[in-house]
Amino acid sequence: MKRRLRRILALAALLLLAVFFLTPAPLPTLLRYWIFPDAPRFRDGEEIVLPGLREPVDVHEYADGRYRISARNEEDLYRVHGYLQARDRLFQMDLFRHIARGRLAEMVGDRAFGPGRTTDVDVLHRFLGFEETARALYAAMPPGLRHGFEAYAQGVNAWIAEGRPTVEHRLLGLEARPWDVVDTLAVTQYLSFGLSHNYTRELRRLLVACDAGLEAAERIWPSEIEFGVYFLPPEDFPAGRHPLPPAIAPELARALPELCPRAVGEETARESEGSAWFRLALSPEPGLFRFGLSSSNNWVLSGERSKSGKPLLANDPHLPHMNPPVLWGVHHVLPDREVVGFTIPGLHLVLFGHNFRLAWAATTNNLDLQDLYVEREAEGGYVYEGEVEPFEWKTEEFRVRDGDAFSRRVRFTRHGIVLDDVEEFLRGRIPTVSLRRVLPETAGDALAIDLLARARTVEEALEALEPFEATCSSWLVADRDGNFAFSSPCRIPVRPHWQGTFPVPGWLARYEWQGFVPKDALPTSRNPRRGWLATANNRAFPRDRFFTAYINDPSPPNRYVRIGSTLEKTMLGTVDEMRRLQTDTVAAEWTHVRSRVLATLCRADLSARPFHARARDLLCQWDGDLSPDSSAATLYVLLTHALLDRTFADELTGGPRGSLWNYLQSIPHVETNVEWLWRRSADDPVWDDVRTAKVETRDETVAAAFADAVQEGRRRWGDDLSRWEWGKARPFELRHPLAGAHPVLRRLFDPKPLPGRGAPETVFKNQFLRADRESLHVAVGPVARIVVDLAAPERAGYSLAGGQSGWPRSPHYADLLQDWMENRLRPLTPRDDGGLDVRFLPPSSLPAGEARGGRERDASP
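Everything in this summary refers to the structure shown in the same document. Everything numeric in this text was worked out from a predicted model, so none of it was measured. (Residues numbered from 1 in each chain as written. Predicted model: local features only at pLDDT ≥ 70, side-chain atom pairs only at ≥ 80, totals over all residues. Heavy atoms only, no water.)

1. What about the overall build of the protein chain?
And step 1. When helices and strands are tallied, the protein chain shows 26 helices and 31 strands.
And step 2. The C-alpha radius of gyration of the protein chain comes to 27 Å, within 12% of the 29 Å expected for a compact globule of 861 residues.
And step 3. Counting across all 861 residues of the protein chain, residues that qualify as buried make up 63%.
And step 4. Nonlocal contacts in the protein chain, meaning residues at least 24 apart in sequence, comprise 74% of its contacts between residues at least 6 apart.
And step 5. Carbon together with sulfur atoms contributes 51% to the accessible area of the protein chain, which is approximately 31800 Å² in total. (Helix = DSSP H or I, 4+ residues; strand = E, 2+ residues; numbered from the N terminus. Rg over C-alpha atoms; globule rule 2.2 N^0.38 Å. Buried < 20%, exposed > 50% of the residue type's maximum accessible area, 1.4 Å probe, protein only. Contact = heavy atoms within 4.5 Å. Areas by Shrake-Rupley, 256 points an atom, 1.4 Å probe, with all protein chains shown as cover.)

This is the structure in structure tokens:
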């Protein structure tokens with residue numbers, strides 16, 4: 001009996017081992033990696049032969065996982081950079097290139113991805129032509145720039161050739177194909193598209209106009225919003241005044257009632273994904289770039305105001321939060337220069353950082369590079385200047401992992417792609433609409449980044465930035481000589497007859513672009529008298545100070561107000577003061593909201609409703625700080641939600657629970673509408689609930705919204721207000737793209753949640769999407785931060801929202817998250833940090849007949 005039992009147990013053990021080690025299914029893969037993680041680790045003193053190297057390259061791995069790469073020539077530097085970046089982040093790079101090339105469903109199948117499906121994203125991106133544009137840019141590159149891109153790709157392929165698939169590739173049962181230059185350029189085109197456009201806001205205004213009428217659209221999503229707070233010093237405003245053209249073209253205003261679809265029905269729910277644990281659920285953050293991001297803070301304080309006597313520069317780019325983070329730190333050392341900072345996985349050039357003589361920082365600035373054209377269809381095509389032009393048709397084939405392939409045929413007009421052909425939600429809700437956008441004609445964006453790293457003075461930096469075409473940012477630069485400046489060169493269309501915030505009639509030549517703004521006519525600022533510069537995605541100057549549309553649909557000025565008011569009062573500023581400012585969580589608008597919008601509520605007699613009275617007192621006595629221990633912060637956010645529902649959604653088909661209202665709130669830019677709402681007068685028509693016979697005032701709507709907010713809070717967290725604390729109500733969670741909300745995968749891939757803090761428009765920005773009210777999940781925020789004192793750039797500090805490595809259970813996977821949350825700055829270039837050293841050798845260093853390392857692969861597309 002015992003012998004039989006032992007045989008049974010032995011057989012069971014063998015079967016378990018066979019399943020554990022031999023079966024490629026997700027569960028054994030996860031178990032194997034969980035117990036025996038094989039994340040790559042260097043050994044101190046290790047030597048690696050890398051194909052293509054001409055000379056040895058020394059790499060120091062800092063204790064935090066970043067690398068200092070010391071090479072004797074650029075191509076060797078970028079080849080090793082590619083190898084190291086792929087070693088850390090290959091799956092993330094592979095995911096980004098599948099998204100950019102419109103091939104995500106090939107990788108993960110047809111599944112939910114943000115507000116749509118992976119197949120929806122593929123169709124949009126394939127027809128937007130990121131890959132096609134990337135090929136043209138590659139062909140247009142000057143040789144020196146092209147060689148760097150090719151060397152980087154060869155380094156990536158050397159790592160791929162070593163046959164160390166990521167755990168994600170193993171779970172998906174995929175191999176990473178070789179990387180090429182077009183992959184890099186397609187990824188950068190995708191990210192650029194999300195950072196420099198406003199078409200999503202034009203589209204939402206059109207949706208509201210077709211659903212509720214133009215008058216309602218101007219109440220719900222106004223085409224002209226002006227806050228009166230500008231980031232350029234007044235002396236740097238463009239000279240002269242220019243009358244503003246109409247925000248809505250009169251020809252379109254007259255034609256829209258007949259062009260809009262007659263009736264709009266509610267969208268039916270998509271089929272469920274199923275609940276099996278092994279169904280990989282994509283987190284939506286990697287797809288957020290297509291909805292337009294308007295985030296980041298940067299500022300520079302002059303040497304006259306700093307304790308060191310040299311400028312202080314700070315930057316915290318706000319990008320989609322994901323695990324690992326969307327930025328990767330690196331330190332480049334060449335015989336003629338050193339550059340340290342951060343870049344994106346898939347690119348070898350440092351995007352922001354310093355070179356020990358010059359520091360630079362960037363934010364999105366909402367320069368308007370896109371327009372929507374409402375087309376008037378006719379038999380055989382569409383109308384243009386009284387004639388019928390045929391649509392151009394393009395067809396693409398799409399493959400779907402574990403699913404049926406499909407083809408899609410899409411129309412193009414002279415203006416561009418017809419959006420309602422590629423986005424299912426739009427069909428039957430808007431007229432035929434095409435998208436025109438600025439496309440790069442040269443490799444100027446990449447060239448500018450390359451030149452910026454070589455600049456040593458502010459004047460050289462401003463000259464280096466000139467080639468930028470379509471990746472529009474607000475650049476702040478500062479040098480060791482004490483100079484600092486703002487610049488934002490870009491190809492901005494000239495629009496003589498409209499403002500660019502609402503679609504225009506595509507049938508009239510009057511609304512075509514009239515060339516581009518000359519680069520030397522764009523505003524700049526050098527060493528302003530006030531002693532500081534800051535940008536936070538708000539407007540640069542009054543709209544009537546420029547002869548054509550410049551910045552459209554900017555962010556609210558709240559972050560800029562907090563930053564600017566602090567810098568204005570700062571004398572003898574220090575790195576530590578700049579660090580603390582980066583994590584400021586006070587809502588700049590709160591003083592106004594409490595004293596004006598909530599004044600009547602704060603004085604109201606609520607003795608008949610004791611819980612409401614306690615909650616109201618908590619809110620009205622709040623200091624406006626969205627700190628983790630604040631229950632009032634949670635109530636404030638719930639009140640904002642309720643006010644949006646009562647003032648905007650009441651006029652829409654489906655109301656607050658309808659798919660249209662949910663779609664409108666699926667982008668970060670709703671915060672502009674929130675700030676605009678706070679500034680409405682007490683008798684503004686926006687406060688009226690059109691569903692009632694009575695005309696409501698602001699005070700009545702605020703009181704009703706407050707009751708809604710209290711009811712929502714009690715439903716979610718009960719009657720103990722201490723359980724409403726912001727850090728508990730909205731914990732900060734980094735999500736791996738494949739983990740989704742699945743508990744098993746999240747246990748492996750995601751770090752433990754941290755208490756949340758901040759809000760969509762605090763300096764410490766933690767952006768949740770208003771469409772995701774149940775979870776309040778932070779989707780966008782400061783992925784990294786740097787502070788540089790130009791008196792001692794070698795002591796510059798940084799924090800990173802996650803870790804350098806993309807391998808779960810690596811020592812450098814999400815290991816920097818706690819420091820980031822509290823903004824404990826680590827040195828960008830530490831000395832004697834306890835790291836390790838590795839040397840990369842060219843194949844020529846091997847004895848004849850011996851081979852080590854990966855084999856070189858072609859990097860051309």
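2. A short note on the state of the cysteines
And step 1. If you walk through the whole model with that rule in mind, you get three disulfides.
And step 2. Across a sulfur-sulfur distance of 1.7 Å, cysteine 472 and cysteine 490 are joined as a disulfide pair. Here the disulfide of cysteine 472 and cysteine 490 is left-handed, its torsion about the S-S bond being about -60 degrees. In this pair, cysteine 472 is assigned in the loop between helix 14 (458-465) and strand 21 (473-479) and cysteine 490 in the loop between strand 22 (484-487) and strand 23 (504-505), connecting sequence segments 18 residues apart. When sorted by exposure, cysteine 472 lands in the same class as cysteine 490, which is buried.
And step 3. There is a disulfide in this structure between cysteine 602 and cysteine 620, and the S-S distance comes to 2.0 Å. (Disulfide = S-S within 2.5 Å.)

3. Some remarks on helix 15 (residues 558-569)
And step 1. Taking 1.5 Å per residue as the helical rise, helix 15 with its twelve residues ought to reach 16 Å, and the 17 Å between its terminal C-alpha atoms agrees with that figure.
And step 2. Where helix 15 is concerned, the buried positions are Asn558, Arg559, Tyr560, Ile563, Gly564 and Leu567. (Expected span 1.5 Å × (residues − 1).)

4. Some thoughts on the packing of helix 3 (residues 74-100) against helix 7 (residues 143-161)
And step 1. Where helix 3 meets helix 7, the axes come as close as 6 Å, and the angle between the chain directions of the two elements is 50 degrees. With respect to helix 7, the axis of helix 3 lies oblique. Crossing hand, helix 3 versus helix 7: right-handed. Contacts from Glu75, Tyr78, Arg79, His81, Gly82, Tyr83, Gln85, Ala86, Arg87, Leu90 and Met93 of helix 3 reach helix 7 at His147, Gly148, Ala151, Tyr152, Gln154, Gly155, Val156, Ala158, Trp159 and Ile160.
And step 2. Broken down by class, the residue content of the contact of helix 3 with helix 7 amounts to eleven nonpolar, seven polar and three charged. (Axes fitted to C-alpha atoms, helices over the stretch in contact; angles between N-to-C directions. Parallel < 35°, antiparallel > 145°, perpendicular 65-115°, else oblique. Left-handed = near helix turned anticlockwise from the far one by under 90°. Nonpolar A, V, L, I, M, F, W, Y, C, P; charged D, E, K, R; others polar.)

5. Regarding a nonpolar patch on the surface
And step 1. Together, Trp34, Ile35 and Phe36 line one region of the surface with nonpolar side chains, adding up to about 320 Å² of accessible area.
And step 2. Relative to the assigned elements, tryptophan 34 resides in helix 2 (residues 26-35).
And step 3. You can call tryptophan 34 partly exposed: its relative accessible area is 34%. (Patch = residues over 30% accessible without salt bridge, like charges linked within 9 Å, V, L, I, M, F, W, Y side chains within 5 Å. Salt bridge = Lys/Arg side-chain N within 4 Å of Asp/Glu carboxyl O.)

6. Quick word on the packing of helix 20 (residues 631-647) against helix 22 (residues 670-678)
And step 1. It is at 11 Å that the axes of helix 20 and helix 22 come closest, and there the two elements cross at 85 degrees. Comparing their axes, helix 22 and helix 20 come out roughly perpendicular. Along the contact surface, helix 20 presents Tyr636, Thr640, Leu643, Leu644 and Thr647, while helix 22 presents Val670, Val674, Leu677 and Trp678.
And step 2. Among the residues making up the contact of helix 20 with helix 22, the classes are represented as seven nonpolar, two polar and no charged.

7. Quick word on the sheet that holds strand 15 (residues 381-384)
And step 1. Pairing is antiparallel in the open sheet, where three strands are placed in the order 14-15-16. Looking at which strands have only one partner, the edges of the open sheet turn out to be strand 14 (377-378) and strand 16 (387-389). (Pairing = 2+ DSSP bridges.)

8. Here we look at the packing of aromatic side chains
And step 1. By the definition in use, this model includes 35 aromatic pairs.
And step 2. Where phenylalanine 231 meets phenylalanine 486, the ring centres are 5.3 Å apart and the plane angle is 70 degrees; that geometry is what we call edge-to-face. Taken together, the residues phenylalanine 231 in the loop between helix 11 (214-220) and helix 12 (250-259) and phenylalanine 486 in strand 22 connect sequence positions 255 residues apart. Each member of the pair phenylalanine 231 and phenylalanine 486 is classed as buried.
And step 3. Ring geometry for tryptophan 513 and phenylalanine 516: centres 6.2 Å apart, planes at 70 degrees, overall edge-to-face. (Phe/Tyr/Trp six-rings, centres within 6.5 Å; stacked < 30°, edge-to-face > 60°.)

9. Digging into helix 10 (residues 199-212)
And step 1. With 14 residues, helix 10 extends 20 Å between its outermost C-alpha atoms, agreeing within 8% with the 20 Å of an ideal straight helix rising 1.5 Å per residue.
And step 2. Most of helix 10 sits inside the fold, with 13 of its 14 residues counted as buried.
And step 3. Directly after helix 10, the chain includes glycine 213, whose backbone phi takes a positive value near 100 degrees.

10. Some thoughts on the side chain of serine 630
And step 1. Position of serine 630 among the secondary structure elements: in the loop between helix 19 (610-620) and helix 20.
And step 2. Looking at serine 630, the relative accessible area reads 9%, which means it is buried.
And step 3. Separated by 3.5 Å, the side chain of serine 630 and the backbone nitrogen of alanine 632 make a polar contact.
And step 4. Of the polar contacts made by the side chain of serine 630, one reaches the backbone nitrogen of alanine 633; its length is 3.0 Å. (Polar contact = N/O pair within 3.5 Å; in protein donor to acceptor, adjacent residues only side chain to side chain.)

11. Overview of the pairing of strand 31 (residues 836-841)
And step 1. In this structure, strand 1 (residues 46-49) lies alongside strand 31, joined through four bridges in parallel fashion. Bridge assignment links isoleucine 48 to a residue of strand 31, and that residue is phenylalanine 840.
And step 2. Across five bridges, the pairing between strand 2 (residues 57-61) and strand 31 is antiparallel. When the bridges of strand 31 are listed, valine 59 appears paired with valine 838.

12. With respect to the sheet that holds strand 26 (residues 767-768)
And step 1. Spatially, three strands are ordered 8-27-26 in an open sheet, and the strand pairing comes out antiparallel. Among the strands making up the open sheet, the edge pair consists of strand 8 (318-320) and strand 26.
And step 2. Bridging between strand 26 and strand 27 (residues 778-782) involves two bridges; their strand directions are antiparallel. Its bridge partner lying in strand 27, glutamine 767 is registered against valine 780.

13. What to know about the pattern of salt bridges
And step 1. Taken as a whole and judged by the stated rule, the model has 65 salt bridges.
And step 2. One salt bridge in this structure joins glutamate 512 and arginine 436, with 3.1 Å as the shortest N-O distance. With a gap of 76 residues between them, glutamate 512 in the loop between strand 23 and strand 24 (525-526) and arginine 436 in strand 20 (residues 433-437) connect regions that are remote in the sequence.
And step 3. You can call glutamate 512 buried: its relative accessible area is 13%.
And step 4. The shortest N-O distance in the salt bridge between arginine 824 and aspartate 819 comes to 2.7 Å.
And step 5. Judged by its relative accessible area of 14%, aspartate 819 falls in the buried class.

14. Topic: a negative patch on the surface
And step 1. Together, Glu460, Glu463, Glu466 and Asp520 make up a region of like negative charge exposed at the surface.
And step 2. On the secondary structure map, aspartate 520 appears in the loop between strand 23 and strand 24. (Lys, Arg positive; Asp, Glu negative; His and termini not counted. Charge placed at Lys NZ, Arg CZ, Asp CG, Glu CD.)

15. Here's the deal with unusual backbone geometry
And step 1. A cis geometry characterises the amide bond from asparagine 323 onward to proline 324, with omega recorded as 0 degrees.
And step 2. Along the chain, proline 324 turns up in the loop between strand 8 and strand 9 (328-334).

16. Looking at the pairing of strand 3 (residues 67-70)
And step 1. A one-sided burial pattern is seen for strand 3, the buried positions being Tyr67 and Ile69 and the unburied ones Arg68 and Ser70.
And step 2. In this sheet, strand 3 lies alongside strand 2 in antiparallel orientation, the contact comprising four bridges. Bridge pairing links histidine 60 to arginine 68 in strand 3.
And step 3. With four bridges connecting them, strand 3 and strand 9 associate as parallel partners.

17. Description of the environment of alanine 255
And step 1. Examined against the element boundaries, alanine 255 turns out to sit in helix 12.
And step 2. Separated by 121 residues in the primary sequence, alanine 255 and arginine 376 place their C-alpha atoms 9.4 Å from one another.
And step 3. Those residues in contact with alanine 255 that lie beyond four places of it in its chain are Arg376 and Trp507.

18. Points about the environment of tryptophan 726
And step 1. You can see tryptophan 726 is positioned in helix 24 (residues 726-729).
And step 2. According to the relative accessible area criterion, tryptophan 726 is buried, its value standing at 0%.
And step 3. Once the C-alpha coordinates of tryptophan 726 and glycine 346 are considered, the two residues, 380 residues apart in sequence, prove to be 36 Å apart.
And step 4. Leaving out residues up to four positions away in the same chain, tryptophan 726 has contacts with Leu626, Ser627, Pro628, Ser630, Ala633, Thr634, Val637, Gly756, Arg757, Gly758, Phe768 and Leu776.
And step 5. In terms of polar contacts, tryptophan 726 uses its side chain to reach the backbone carbonyl oxygen of glycine 758, at 2.9 Å.

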